[in-house]
Amino acid sequence: MRPERSRTTRRFGTRTVTALVATALAVAAPSPATAAENPSSLVDPLIGSANGGNTFPGATLPYGMIAWSPTSTTGDQTSTGAANGYQYDTTRIRGLSLTHVNGAGCNPGAAGDVPIMPFVGDVTSSPSADTKDAVYAADFSHADEKAVPGRYTLGLKSGATADLSVSKRAGVADFTFPSDRPANLLFRVSNSLNGSEDAHVDIDAAHRKVTGWVLTGAFCGRRANGGVNNRKSYYKLHFSASFDRAFSWVGTWKDGTLSPGSTTASGGEGYATGADRAGRGSGGWVGFDTGSDNDVHMRLGISYVSLAGAEANLRAEVAPDASVADVAEAGTRAWDRELNTVRIKGGSAARRETFYTALYHSLMQPNLISDTDGRYWGMDQAVHRLARGQGAQYSNFSGWDQYRAQIQLLALLKPTVAGDFAQSLYNFARQNAGVWDRWVHVSGATHVMTGDPTAATLATFYAMGVRNFDYKGAFDSLVRQATVPHPDGLSDAGCPGQCVGQRPNLAQYLNSQYAAQDVCHCWGGAAETLEDAVADSALAKWAKLLGRETEAEVFTERAAYWRNVFNPEATTDAGYIQARRLDGSWVTPFNPASDLGFAQGTSATYTWMVPQDVQGLAAAMGGREVAAARLDGFFHKADGSWSVRGGDPLRYDPTNEPGIHAPWLYNALGQPWKTQATVRQILDTVYGTGPAGLPGNDDLGTMSAWYVFSALGLYPQTPGSASLLLGAPVFPTAVVDRPGPRDITISAPDADDTHTYVDAVRLDGRAHRKSWTDAGLTRSGGSLTFRLTEQPNTRWATDPDDLPK
């Protein structure tokens, strides 16, 4: 990083990679004395960048539009080392891309738009023709990499370096190059992670600008399970980059043709992969004479609306003379404001790092898609403007994942953002003929996964006190989707993984009261039934809060449809959730380790996915004692040892969503000490520091939100509710910011690595003998005081009349 300078005193001598990274570290990191006041200093963005976490380390702000991060390569220009473009063990990059999505599971995931590559050497052939990334890519060492919230610094073995920092919709960069070799910046406009339909670049040497766009989309467009259905475009990202020095040479390329001196080019790559896409694409480059000055400063803005929007965003958010350090400092303040919504004290340094990184990942999304003037690109592929009262249009909704933990944390910590997000999803639905898509990327309906997670999401927002959206209109629209069949519900397009029907074959579902495996037009009939039952339960709770008694009665009845796929005789010794055919017969042969009838999970996992009726599930199994014993077997091997790291289809899988609530079910079964032990085992062995510190796909903050809640000793009871289940906190003190006069204060003075069990709880100073709290704490704040012990208290919160329902 360079010291601040005016535009008339910009010249620099040559700097080494090590010196630049060291300087960036010194500027970005607060002193140890201020670390307690600056939670951003405890965040490691590299956590989750290995072990399938699919996070990215680059520069981004809370809910930001821009996320400037590396695109890596393993020797195939049409692929990367992992979903979302970065994998810790892949130490070769082909550019620094402007957009990313946190932790999505499809490989490649989404976005990764407009990689900008600092290249040392002469450009003598088309970068698109470099199909093996042998020439126009560069190796790096993690010793020359530094990631902090809002800033990313990387030194390449070629001798080039990049130092990046961002605002919400814009960014600045310092690039340095060896002084004795040609220095270039490649704008690989067509090379998004999933490819592109079209792309364009313009170079304006007179004004020292590079502008362009990419038309792309195609999230999950390469998956085998329905991915061809998503090989389509649904957004155009525009960018405008300006420089503080003149270009020494320029050029463009298209496919295999290089055009030195050219200033414009167009052409996409398509959405195939490997040989079907290799060698296609377009871009441009600008070069600099670094003989006496090896430093290049760039300012850049982006927009999903227009080039003018990108330039307006840059003007509004980044001062003309702002340095990387200036923008990074503002970014640190922004992240500290968000992360200070939960203030913890005590615990080990590693525990605090894990916690604040999890909170950081949880609050990356939703992501802005509206410009500073309020315009945004809608799902109808037209420009819209924010209505009065809405602060921003957000997108990137991984519904099937997020409704289980991340959206509850968002509503708890940032209710205004949650309300704008709810309104955003409603806006999209109205632009999409009333259809609420279950996985929204930018302005595209991708249909990924199963169920109706938006109903569960918005019902939860409302239950938790979020009101700044058209909740009556949204409720009516979601009820319509849940009660009026849509023609898409009879289509198999995109199935099984991206079925276009959002309530597939709804008429059959309402008639049979389960999704029939042979005619459901869905990923799996049993999973669809469970997902819809959860969504309908949430709608019922929302209806009650709105005073809509008729809808409340209808959806309460539908919430029990899970019973129609519970086969009490699935095996000789136990009942399980099992898929059924239209004629009522069970799909056989049955094996609880099989995923037949399910989506990304087995019957052994999905059998526990009835959070809205745990008592009913326990009764179906033979009672709470029987259910608890079965749950013991879900978390332990036959020899009694723990099995919570995944890999066994009959046991708990922390890497995927259908079972992540299961550790908390013991509360409702009258054995809350087992929840305390199980959650602590997962916190201690599945999560941690370092690149492998997440159990699997972060799924837009879901796995991270699970950690945040669990470390606080709290967890959402069920979608559509504001009730929280209680566990054992890992920090002696935590304060959760709430709007209004009272925060949520959590005190557990004995919390440490050995005090893992709850002996007693006081709520607002009074003895609390339940393993859950109602909506009052969530909506109005209050204090929880835990007395923790080293041995389980098998009497606390076990009264059958006081158990969570």
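Everything below is about the structure printed above this text.
Residues numbered from 1 in each chain as written. Predicted model: local features only at pLDDT ≥ 70, side-chain atom pairs only at ≥ 80, totals over all residues. Heavy atoms only, no water.

Caption draft 1: Highlighting the nonpolar core. Phe187, Phe243 and Phe355 are the most contacted members of the largest nonpolar core, which totals 214 residues. When residues in this core are grouped by element, the largest group, eleven residues, is from helix α11 (residues 525-546). In terms of nonpolar packing, the next biggest core, distinct from the first, is built from seven residues, Ala170, Val172, Leu314 and Ala322 among them. (Core = buried A, V, L, I, M, F, W, Y, C linked by side-chain atoms within 4.5 Å. Buried < 20%, exposed > 50% of the residue type's maximum accessible area, 1.4 Å probe, protein only. Helix = DSSP H or I, 4+ residues; strand = E, 2+ residues; numbered from the N terminus.)

Caption draft 2: How the structure looks around the packing of aromatic side chains. The final tally for this structure, using the stated rule, is 34 aromatic pairs. Centre to centre, the rings of Phe119 and Tyr136 are 4.8 Å apart; their planes meet at 55 degrees, and the pair counts as tilted. Of the two residues, Phe119 sits in strand β4 (residues 116-120) while Tyr136 sits in the loop between β4 and β5 (138-148), which places them 17 residues apart along the sequence. One exposure class covers both Phe119 and Tyr136, and it is buried. Aromatic side chains Phe355 and Tyr356 sit 5.4 Å apart centroid to centroid with 85 degrees between the ring planes, which places their arrangement in the edge-to-face category. No difference in accessibility class separates Phe355 from Tyr356, as the two residues are buried. Through a chain of ring-to-ring contacts, the aromatic side chains of Trp664, Tyr687, Trp706, Tyr707, Phe709 and Tyr715 assemble into a single cluster. (Phe/Tyr/Trp six-rings, centres within 6.5 Å; stacked < 30°, edge-to-face > 60°.)

Caption draft 3: Just unusual backbone geometry, in detail. Of note, the bond from Cys495 into Pro496 is cis; its omega dihedral lies within 30 degrees of zero at 10 degrees. You can see Pro496 is positioned in the loop between α9 (471-483) and α10 (506-512). The peptide bond linking Thr588 to Pro589 adopts the cis configuration, its omega dihedral lying at 0 degrees. Its place among the elements puts Pro589 in the loop between β27 (576-577) and α13 (603-606).

Caption draft 4: Representation of the pattern of salt bridges in the model. Going through the model one piece at a time under the given rule, you end up with 27 salt bridges. One salt bridge in this structure joins Arg548 and Asp476, with 2.8 Å as the shortest N-O distance. Placement of the pair is Arg548 in the loop between α11 and α12 (549-558) and Asp476 in helix α9, with a sequence separation of 72 residues. On the accessibility criterion, Arg548 (26% relative accessible area) is partly exposed. When its relative accessible area of 29% is taken as the criterion, Asp476 is described as partly exposed. Taken together, the salt bridges that share partners define one network made up of Asp452, Arg503, Asp532, Asp536 and Arg558. (Salt bridge = Lys/Arg side-chain N within 4 Å of Asp/Glu carboxyl O.)

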